[in-house]
There are 2 protein chains.
Amino acid sequence: MLKQTELIIKPDESLGFNARMTHRAFTRALQARLTKHNIPIGQWYYLRVLWREDGLTQKALSDQLGIMGPTTVVALRAMERDGLIKRVRNESDRRKINIYLSEKGKALETELSPYIEDINLQASDEISEEDIEAFKRVSEKIRLNLEAFEAAA
Amino acid sequence: MLKQTELIIKPDESLGFNARMTHRAFTRALQARLTKHNIPIGQWYYLRVLWREDGLTQKALSDQLGIMGPTTVVALRAMERDGLIKRVRNESDRRKINIYLSEKGKALETELSPYIEDINLQASDEISEEDIEAFKRVSEKIRLNLEAFEAAA
DNA sequence: GGGGTTAATTTAGTATGCGAATGATTAACT
DNA sequence: AGTTAATCATTCGCATACTAAATTAACCCC
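The sections below set out a description of the structure shown in this document. (Residues numbered from 1 in each chain as written. Chains lettered and ligands numbered in written order. Predicted model: local features only at pLDDT ≥ 70, side-chain atom pairs only at ≥ 80, totals over all residues. Heavy atoms only, no water.)

**Quick look at the protein's contact with DNA strand C**
Around DNA strand C, the surrounding shell holds 25 residues, and the nearest of these are Arg24(A), Lys59(A), Arg77(A), Arg87(A) and Gly42(B). Within 4 Å of the protein, the contacting atoms of DNA strand C are drawn from sugar and phosphate to the extent of 76%. Here Gln58(A) contributes a side-chain N or O atom positioned 2.7 Å from a phosphate oxygen of DNA strand C. Breaking the surface near DNA strand C down by element, the ones donating at least two residues are α1 (15–35), α3 (58–65) and α4 (69–81) of chain A together with α2 (41–52) and α4 (69–81) of chain B. The biggest single contributor to the surface near DNA strand C is α4(A), with four residues. When its residues are assigned to classes, the surface near DNA strand C shows nine nonpolar, six polar and ten charged. (Near = heavy atom within 4 Å. Polar contact = N/O pair within 3.5 Å; in protein donor to acceptor, adjacent residues only side chain to side chain. Helix = DSSP H or I, 4+ residues; strand = E, 2+ residues; numbered from the N terminus. Nonpolar A, V, L, I, M, F, W, Y, C, P; charged D, E, K, R; others polar.)

Written out as structure tokens, the structure reads:
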């Protein structure tokens, strides 16, 4: 029994809803795979960056991932506890802490990194190259638009 | 200092990363506006559906929004506490609980619903109609692809 | 070189979200 | 009718993520 006011955008047609659902689909897919290795998805993000570039500071990690500092602190603390990383106070600027992968953390790359390839491959199945490009292009433009919007307010 | 293995997909080029960042941009934009009205974003989702169709069961709300039952329970409990909804045990099937907006909950529609319009408008600024359609089309296809993938595993 | 500002990290508090397990009720099947 | 299965809501424990505020360290400017 719908109300007469059909003017309200149906949730499932809005850009925000689409972004939300798509993000959750990726998260679920990835989490399902990582659970087998006892790696929470929140740690995966940091591992992935560190595999490419070891020794980053917490700030640099946060910035690259678009994740707030406090969230990073909690994730990295757990990762150190689990022996995936070492946190080393920077000697030339003692405000900073550099994050280095342990052997265990490095070794996970071979095991885990195929997942992202798998998932991206599956996700883009039967979607044209042009559409994939459009998706990325629109994603980025939306982010820029909303950032500009926030900045203005 | 990048490692020589450039084979790993850069995070910011993967579909998953794009979906994640875009979702967060929407969330931030919406949250900033809702905070002024003391409405947590987790309650907004339910309000939005109820404005269109009042009296749905918790299960129906969860399904429409793609949110798990336990999350819905917590959100609706807070909403009842805040006087936005009434939870009424269904008489013909006493397992169900129907959710009805209070006057206060209904009244919020006029105040809050413009936001989603604003944000969607801003988000889609300077993006062609075709690209918007492609974004939605790809979003949905990705979800279907990943669901099929999960089901297979 | 002191005082104020900025930067990086941390703590505390709260909200959101999931999976697994449980309770309560109804439906389905002998 | 009585047992079993399915459905809806809930509780619990944990992970993720934010804001606000505190802490420590570095920088800058007079």
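Further notes follow.
**Things to note about the environment of Glu13(B)**
Within the fold, Glu13(B) resides in the segment before α1 (15–35). Apart from the residues lying within four places of it in its own chain, the contact partners of Glu13(B) are Lys136(A) and Asn18(B). (Contact = heavy atoms within 4.5 Å.)

**Some words on the pattern of salt bridges**
Taken as a whole and assessed by the stated rule, the structure comprises 16 salt bridges over all chains. Of the charged contacts, one joins Asp131(B) and Arg137(A) as a salt bridge, the two residues approaching to 3.0 Å between their closest N and O atoms. With Asp131(B) in helix α6 (residues 129–152) and Arg137(A) in helix α6 (residues 129–152), this residue pair bridges two chains. You can call Asp131(B) buried: its relative accessible area is 17%. According to the relative accessible area criterion, Arg137(A) is partly exposed, its value standing at 45%. Among the ionic pairs, Lys106(B) bridges to Glu103(B), the shortest N-O distance being 3.7 Å. Of this pair, Lys106(B) and Glu103(B) both sit in helix α5 (residues 103–123), three residues apart, which is roughly one turn of the helix. (Salt bridge = Lys/Arg side-chain N within 4 Å of Asp/Glu carboxyl O. Buried < 20%, exposed > 50% of the residue type's maximum accessible area, 1.4 Å probe, protein only.)

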